[in-house]
Amino acid sequence: MEAFTRSFPLEDIRVRAGGDGRTVEAYAAVFDSPTEIHDQDGHYNEVIDRRAFDRTLNQLAPAGSRTNWRVGVLYNHGRTLFGTPSERGAMPIGAPVEIKADNRGLLTVTRYNRTELADEVLENIREGSITAQSFSGGFLRSDPGRAPRGGYRADANGKLRTVRRQEVALREYGPTPFPAYPDAAVVGVRAERLARMLGSLSSDERDELVEMLRTGTPLDSPHGEPPAGPPAAGDPDPGPAAEDSPAGHSARQKIAWAKVRAEIMARRAL
């Protein structure tokens, strides 16, 4: 079972009226809604079956003497904006009160903790600064059952294959800072791969990339430079001590930027 992450816009999120304003309702998934995906399985349309979460909810729900759900609620999956583990973010920001599949999708009702991080997240949700909900887990059954070698691709007429996710194992969910993509597209990003690429960028370049993702700015290369590609055949491989270019970026940094940009652009299905 390969781990995955999916993000949805929080268009229906709301803080329950009355009480102390710490109970949040939001959909974590939408059923029977074809969504264009770019991820490790290729390029395809994904549909989540309305019964996909039935088994996992039965397994995770409170039972017997156990009164809590066995599902984590984390901000941005307990990671930094660069996809690396976050000690602060690894602390739960809340606890599920109810998780159920209704006619539209997977509805989550979450009671937020009284912690500094949970307070910050709640305020950002109220102000509209956090615009997406994300969940992670694994696909246990799909139709077709397995992606072909090389992944799914559009056919000669440009038509994408539809993959129906029939059973999903839910691990954790929570709000994420990344904005929803056009047409509520869901983008599957392999955080580990991006983290390795981001590690080759300077701190200024990472900050610039985060700001671009937050505001939706086109992912041009730093300071208006054309994106650099890998060294051409016969060109020397830029080493760690490569001299900076006149714009202040080493050849290695420009190559890393180009790879990160290409990865994210592909995941955005542009």
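Residues numbered from 1 in each chain as written. Predicted model: local features only at pLDDT ≥ 70, side-chain atom pairs only at ≥ 80, totals over all residues. Heavy atoms only, no water.

Draft legend 1. Geometry of the overall build of the chain. In terms of helices and strands, the chain carries five helices and ten strands. Taking contacts inside the chain between residues at least 6 apart in sequence as the whole, the part at least 24 apart equals 70%. Carbon and sulfur atoms make up 48% of the accessible area of the chain, which amounts to about 14,600 Å² in all. (Helix = DSSP H or I, 4+ residues; strand = E, 2+ residues; numbered from the N terminus. Contact = heavy atoms within 4.5 Å. Areas by Shrake-Rupley, 256 points an atom, 1.4 Å probe, with all protein chains shown as cover.)

Draft legend 2. Just the packing of aromatic side chains, in detail. For the structure on display, the rule yields five aromatic pairs. On the basis of an interplanar angle of 85° and a centroid distance of 5.7 Å, the ring pair of F4 and F135 is categorised as edge-to-face. Taken as a pair, F4 in strand β1 (residues 3-9) and F135 in strand β9 (residues 132-143) lie far apart in primary sequence, 131 residues in all. As far as the burial class goes, F4 and F135 line up, both buried. (Phe/Tyr/Trp six-rings, centres within 6.5 Å; stacked < 30°, edge-to-face > 60°. Buried < 20%, exposed > 50% of the residue type's maximum accessible area, 1.4 Å probe, protein only.)

Draft legend 3. Spatial organisation of the sheet that holds strand β3 (residues 23-30). Taken together, four strands build an open sheet; the order of strands is β2-β3-β8-β7 and the sheet is antiparallel. Each edge of the open sheet is held by one strand with a lone partner, namely β2 (14-15) and β7 (94-101). Along the sheet, helix α2 (residues 116-127) makes contact with β2, β3 and β8 (105-112), crossing β8 at roughly 130°. (Pairing = 2+ DSSP bridges. Axes fitted to C-alpha atoms, helices over the stretch in contact; angles between N-to-C directions.)

Draft legend 4. Quick look at the side chain of S136. With respect to the helices and strands, S136 occurs in strand β9. Polar contacts involving the side chain of S136 include one to the side chain of E172, which spans 2.7 Å. Here S136 is in contact with F4, T5, H77, A169, L170, R171 and E172, once residues within four sequence places are set aside. (Polar contact = N/O pair within 3.5 Å; in protein donor to acceptor, adjacent residues only side chain to side chain.)

Draft legend 5. Structural view of the pairing of β7. The pairing of β7 with β8 spans seven bridges and is antiparallel. In the sheet register, K100 faces β8, and the bridge partner there is L107.

Draft legend 6. Up close: the pattern of salt bridges. In total, this model carries 15 salt bridges according to the counting rule given. Salt-bridge contacts for R111 lead to D20; the nearest nitrogen and oxygen are separated by 2.7 Å. Within this pair, whereas R111 is found in strand β8, its partner D20 is found in the loop between β2 and β3, the two being separated by 91 residues in sequence. E123 serves as the salt-bridge partner of R126, at 3.7 Å between the closest nitrogen and oxygen. (Salt bridge = Lys/Arg side-chain N within 4 Å of Asp/Glu carboxyl O.)

Draft legend 7. How the structure looks around the side chain of H38. Along the chain, H38 turns up in strand β4 (residues 35-39). Among the polar contacts made by the side chain of H38, one reaches the side chain of H43 at a distance of 3.3 Å.

Draft legend 8. Focus on the pairing of strand β5 (residues 42-48). Burial analysis of β5 places six of its seven residues in the buried class, which makes it a mostly covered element. Adjacent in sequence and paired antiparallel, β4 and β5 are bridged by two residues. As paired elements, β5 and strand β10 (residues 162-176) share four bridges and run parallel to each other. The residue of β10 that forms the bridge with I48 is R165.

Draft legend 9. Examining α2 more closely. The terminal C-alpha atoms of α2 lie 17 Å apart, and with twelve residues this matches the ideal 16 Å at 1.5 Å per residue to within 8%. Within the span of α2, buried status applies to L117, A118, V121, L122 and I125. Looking down the long axis of α2, one finds its buried residues gathered within 135° of arc, a one-sided arrangement. The exposed residues of α2 that point more than 90 degrees off its buried face are E116 and E127. Close packing links the buried residues of α2 with β3, β8 and β10. Within two residues after α2, G128 carries a phi angle of roughly 80°, on the positive side. (Expected span 1.5 Å × (residues − 1). Arc of directions from axis to C-beta.)

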